[in-house]
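# Report on the structure
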Amino acid sequence: MSQIFQTVPLNHFIYLCSILFVIGVIGVLTRRNAIIIFMSVELMLNSVNLLLVTFSAYRHDPSGQIFVFFVMAVAAAEVAVGLAIITMIYRNIHSVDINELSRMKD
Amino acid sequence: MLTSAFYFLAFVTIFFAVMVITAKNPIHSVLYLVLTFFGISANYIFILDAPFVGIVNIIVYAGAIMVLFLYVVMMLNLNADIEPKKSNLFKVGGAIAAGMLLLIIVASVKQANLQIVNNKMMTQTPIGSIKVLGTVLYTDYILPFEVASILFLIAMVGAVILGRRDRAELSVGSQPLNPKTTSNSKLQTPN
């Protein structure tokens, strides 16, 4: 299993994670549905997880995989609270369009 | 063999990730995100030799978090018809800004000296097994583990408080009924 380190260079894993992260950034910047923005944030978190596991495997150090568990725990807590907030917003303004939220100033 | 498997998985994962942000229907977005997570988990299990993280990723992300997303999307009754649309200017601007971010990351990775990371001379014992990870988690990282439990408690209480209807709102009647009553009164005043 560990022959992979001789064949696939570390660079290519970093490029894969960067591309996934940037796709998440594009999703956050270009979509207006609050739930899809949340999903793009999850995609960014997962790309960072993949990078952590990659460095853990290349360094032969299990600490990186422990960090992944903590990232997952924080992401799960974040999703629970975030979706509750989105549900509450939908109950008040009957939309998940983030541009509608700017009207809450008035 | 493993090399081609890596490139295949990378291509599939990126394809599904692009589909997540381009799909019109939010439910399709959620399902494509589940497939993206499966691609990342396959990377963990087959390529990176970390089977436990891969299985936990499937259970927690594809199993729990995405079901929560799917449940909220269906509860709010979102579909492609009421999907808000952004102007093309915003889309092009966002894509250009993110493309520049990718350019900066790739340029800095090219400059970096990554050879020092790659020390495969160490022992060949697998590090992704439950035994090794459990030993490390419950010895070196026991304090963050306990703090995470407090975080979960706070998140649970917060979600329950946020998701609950207000007591005043419950006693008067649910909020969506109010526009109907006002329209009824408007109808009745001309009479």
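As a convention, each chain's residues are numbered from 1 in the sequence order in which they are written. Written order determines the labels here, with chains lettered from A and ligands numbered from 1. For a predicted model such as this one, the threshold for reporting local features is a pLDDT of at least 70, and the threshold for listing and counting side-chain atom pairs is 80 or more; totals across whole chains, interfaces and linings nevertheless cover every residue.

## Concerning the overall build of chain B
Across its full length, chain B holds eight helices and zero strands. In chain B, the order of α-helices and β-strands from amino to carboxyl end is α-α-α-α-α-α-α-α. Exposed residues have 12 or fewer other C-beta atoms within 10 Å of their own C-beta, buried residues have 20 or more, and residues in between are partly exposed; the C-beta atoms are placed from the backbone. Looking at chain B as a whole, 20% of its 191 residues are labelled buried. Contacts are defined on C-beta atoms placed from the backbone: any two residues whose C-beta positions lie within 7 Å are in contact. Across chain B, the fraction of contacts at a sequence separation of at least 24, relative to all contacts at a separation of at least 6, is 58%. Runs of E in the DSSP output that reach at least two residues are strands. Runs of H or I that reach at least four are helices, and both are numbered from the N terminus.

## Some remarks on the overall build of chain A
Helix and strand counts for chain A come out as five helices and zero strands. Listing the helices and strands of chain A from first to last along the sequence gives α-α-α-α-α. With C-alpha atoms as the basis for the radius of gyration, the globule rule is written as 2.2 Å multiplied by the number of residues raised to the power 0.38. Expected size for 106 residues packed as a compact globule is a radius of gyration near 13 Å; at 18 Å, chain A overshoots this value by more than 25%. Across its three principal directions, the C-alpha atoms of chain A cover 60 × 25 × 20 Å. Within chain A, residue pairs in contact and separated by at least 24 positions form 40% of the contacts whose partners lie at least 6 positions apart.

## Quick word on the interface of chain B and chain A
Counting from both sides, the interface comprises 72 residues of chain B and, opposite them, 64 residues of chain A. Of all elements in the fold, only α1 (2–22), α2 (26–47), α3 (51–76), α4 (88–111), α5 (130–139) and α6 (142–163) of chain B reach the threshold of two or more residues within the side of chain B that touches chain A. Here the side of chain B that touches chain A takes 11 residues from α4 of chain B, the largest share from any one element.

## Observations regarding the packing of α2 of chain B against α3 of chain B
Residue and element names in this part refer to chain B. Packing of α2 against α3 leaves a shortest axis separation of 8 Å and a crossing angle of 175°. When the axis of α2 is compared with that of α3, the two are roughly antiparallel. Counted together, Pro 26, Ile 27, Val 30, Leu 33, Val 34, Phe 37, Phe 38, Ile 40, Ser 41, Tyr 44 and Ile 45 of α2 and Pro 51, Val 53, Gly 54, Asn 57, Ile 58, Tyr 61, Ala 62, Met 66, Phe 69, Leu 70 and Val 73 of α3 form the full contact between these two elements. When residues are grouped by polarity, Ala, Val, Leu, Ile, Met, Phe, Trp, Tyr, Cys and Pro land in nonpolar, Asp, Glu, Lys and Arg in charged, and all others, Gly among them, in polar. Residues that form the contact of α2 with α3 fall into these classes: 19 nonpolar, three polar and no charged. Orientation is described by axes fitted as lines to C-alpha atoms, over the contacting stretch for helices, and by angles from 0 to 180 degrees between their N-to-C directions. Put simply, angles under 35 degrees are roughly parallel, angles over 145 are roughly antiparallel, angles from 65 to 115 are roughly perpendicular, and the rest are oblique.

## Re the packing of helix α3 (residues 34–59) of chain A against α2 of chain B
It is at 11 Å that the axes of α3 of chain A and α2 of chain B come closest, and there the two elements cross at 5°. Looking at the two axes, α3 of chain A sits roughly parallel to α2 of chain B. Residues Ile 35, Ile 36, Met 39, Glu 42, Leu 43, Asn 46, Leu 50 and Val 53 of chain A of α3 of chain A pack against Pro 26, Ser 29, Val 30, Leu 33, Thr 36, Phe 37, Ile 40, Asn 43 and Tyr 44 of chain B of α2 of chain B.

## Things to note about the domain arrangement of chain B
Domains are outlined according to an automatic or database domain assignment. For chain B, the domain assignment lists domain 1 (1–80) and domain 2 (141–175). A straight line from the C-alpha centre of domain 1 of chain B to that of domain 2 of chain B covers 27 Å.

## Observations concerning the nonpolar core
Note on terminology: a nonpolar core is any set of buried Ala, Val, Leu, Ile, Met, Phe, Trp, Tyr and Cys residues joined through C-beta atoms within 7 Å. In terms of nonpolar packing, the biggest core is built from 58 residues, with Ile 35, Met 39 and Val 53 of chain A together with Val 20, Leu 33 and Phe 69 of chain B touching the most fellow members. At the level of elements, α2 (10–30), α3 and α4 (63–93) of chain A together with α1, α2 and α3 of chain B are the ones that each hand at least two residues to this core. Apart from residues lying up to four places away in sequence, Leu 33 of chain B is in contact with Met 39, Glu 42 and Leu 43 of chain A together with Val 20 and Met 66 of chain B.

## Quick notes on the environment of Asp 97 of chain A
In this fold, Asp 97 of chain A is placed in the loop between α4 and α5 (98–101). Considered as a pair, Asp 97 of chain A and Ile 19 of chain A are 78 residues apart in the sequence and their alpha carbons are 26 Å apart. Residues contacting Asp 97 of chain A, with those up to four places away along its chain left out, are Arg 32 of chain A together with Pro 84 of chain B.

## Observations concerning the environment of Leu 52 of chain A
Looking at where Leu 52 of chain A falls in the secondary structure, it is placed in helix α3. Setting aside anything within four residues of it in sequence, one finds Leu 52 of chain A in contact with Gly 64, Phe 67 and Val 68 of chain A.

## Remarks on α1 of chain B
Residues and elements named next belong to chain B. Helix span is expected to be 1.5 Å times the residue number reduced by one. For α1, built from 21 residues, the straight-helix expectation of 30 Å at 1.5 Å per residue is met to within 8% by its first-to-last C-alpha distance of 30 Å. When α1 is considered as a whole, its buried residues turn out to be Phe 6, Ala 10, Thr 13, Phe 16, Ala 17, Val 20 and Ile 21. Buried residues in α1, looked at end-on, bunch into an arc of 140°, giving them a common side. Set apart from the buried face of α1 by more than 90 degrees, the exposed residues are Ser 4, Tyr 7, Phe 8 and Phe 11. In this description, one arc is meant: the one made by directions from the helix axis to the C-beta atoms.

## As for unusual backbone geometry
We note that His 94 of chain A has phi near 55°; this positive angle belongs to a residue other than glycine. Of note in this structure, Asp 49 of chain B is not a glycine but carries a positive phi near 60°. Structurally, Asp 49 of chain B is set in the loop between α2 and α3. Taking the C-beta count within 10 Å as the criterion, Asp 49 of chain B has 19 such neighbours and is therefore assigned partly exposed.

## Structural notes on the confidence of the model for chain B
Averaged over every residue, the pLDDT of chain B is 82; the share at 70 or more is 81%. This prediction of the complex comes with two scores: 0.85 for pTM and 0.90 for ipTM. Known as pLDDT, the predictor's confidence for each residue is given on a scale from 0 to 100.

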